[in-house]
Amino acid sequence: MEFRKTSIEGLIEIYPRIFGDARGHFFESYRQDIFAQNGIPFQFVQDNQSFSTAGVLRGLHFQNTPFSQGKLVRVVTGKVIDVAVDIRPNSPTFGKYQKFTLDASLQNMVYIPEGFAHGFAALEDSIFSYKCTNNYNKASEGGIIWNDPDLNIDWGITNPNVSEKDLELTTFKDLFSKI
């Protein structure tokens, strides 16, 4: 596997080694010892999967302490624009984000540590897979509105299909105005 660090501490893009032939392909999507050797020594306790049609935008979501989650994300089928926003107040990259194109044909993944808001936009019908380091807790969930004017994220789609719940999320500035 190839582990590519980004400009934001702890955020890592991963490309597995794919073994293919006329029958198809095989790859390891997770191996604890190799991940630990590459700066991801965390135990995953919950797996989630979603299906989104092209044009769906989910996020930006996070879990507050003590239920903060690190996530290993990838698409099983399809292609998405994946976004991680640093919401760690003491981080030098607080308020910055990184975008990735997760593509099932590449099988690339992203490790998103605790302290990030996360979302994605489906460029194609997509099955999205998440491995999480902590269990989901409804009372600890939070979010930032997808079209936040200060973050100004280009999601790569026009007129996204966004849930009612996500349309009610607050702005980054409103969420962190007391910091």
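Scroll up to find the structure this text is about.
All of these numbers come straight from a predicted model, not from anything done at the bench.

### Observations concerning the pattern of salt bridges
Logical step 1: Here the structure, examined in full by the defined rule, presents 10 salt bridges.
Logical step 2: A salt bridge links Glu2 to Arg4, with the shortest nitrogen-to-oxygen separation between them at 2.8 Å.
Logical step 3: Judged by its relative accessible area of 39%, Glu2 is partly exposed.
Logical step 4: Arg4 sits in the partly exposed class, given a relative accessible area of 35%.
Logical step 5: One salt bridge in this structure joins Arg31 and Asp33, with 2.7 Å as the shortest N-O distance.
Logical step 6: The partly exposed category is assigned to Arg31, whose relative accessible area is 35%.
Logical step 7: We classify Asp33 as partly exposed; its relative accessible area is 31%.
Logical step 8: Bridged by salt links that share partners, the residues Glu28, Arg31 and Asp33 form one connected network.

### Some details on the nonpolar core
Logical step 1: Ranked by size, the top nonpolar core spans 18 residues in total, and within it Leu60, Val85, Ile87, Ile144 and Trp155 carry the most contacts.
Logical step 2: Of all elements in the fold, only strand S6 (56-63), strand S8 (79-86) and strand S11 (116-122) reach the threshold of two or more residues within this core.
Logical step 3: Counting 17 residues, the second-largest nonpolar core is a separate cluster that includes Leu11, Val75, Ala104 and Cys132.

### Considerations on the packing of aromatic side chains
The relative placement of two aromatic rings is captured by the distance of their centres and the angle of their planes.
Logical step 1: Here the structure, examined in full by the defined rule, presents 10 aromatic pairs.
Logical step 2: Between Phe44 and Tyr111, the aromatic rings sit 6.4 Å apart at their centres with planes inclined by 75 degrees, giving edge-to-face as the arrangement. Here Phe44, found in the loop between helix H1 (32-37) and strand S5 (46-52), pairs with Tyr111, found in strand S10 (residues 109-112); they are 67 residues apart in sequence, far enough to count as distant.
Logical step 3: A network of ring pairs unites the aromatic residues Phe3, Tyr30, Phe35, Phe42, Phe44 and Tyr111 as a single cluster.
Logical step 4: Here the guanidinium or amino end of Lys131 rests over the ring plane of Tyr30, the centre of that ring lying 5.5 Å away.

### Overview of the pairing of S8
Consecutive side chains along a regular strand alternate between the two faces of the sheet.
Logical step 1: Within S8, 7 of the 8 residues are buried, which leaves the element mostly enclosed by the surrounding structure.
Logical step 2: One ladder, built from 7 bridges, connects S8 with strand S9 (residues 97-103); its direction is antiparallel. Counterpart to Ile81 in the pairing with S9 is Thr101.
Logical step 3: Summarising the sheet, S8 and S11 pair through 7 bridges and their orientation is antiparallel. Counterpart to Asp82 in the pairing with S11 is Phe120.

How each quantity is defined
Residues numbered from 1 in each chain as written. Predicted model: local features only at pLDDT ≥ 70, side-chain atom pairs only at ≥ 80, totals over all residues. Heavy atoms only, no water. Salt bridge = Lys/Arg side-chain N within 4 Å of Asp/Glu carboxyl O. Buried < 20%, exposed > 50% of the residue type's maximum accessible area, 1.4 Å probe, protein only. Core = buried A, V, L, I, M, F, W, Y, C linked by side-chain atoms within 4.5 Å. Helix = DSSP H or I, 4+ residues; strand = E, 2+ residues; numbered from the N terminus. Phe/Tyr/Trp six-rings, centres within 6.5 Å; stacked < 30°, edge-to-face > 60°. Lys NZ or Arg CZ within 6 Å of the ring centre and 35° of its normal. Pairing = 2+ DSSP bridges.

Taken by themselves, the reported measurements are silent on function.
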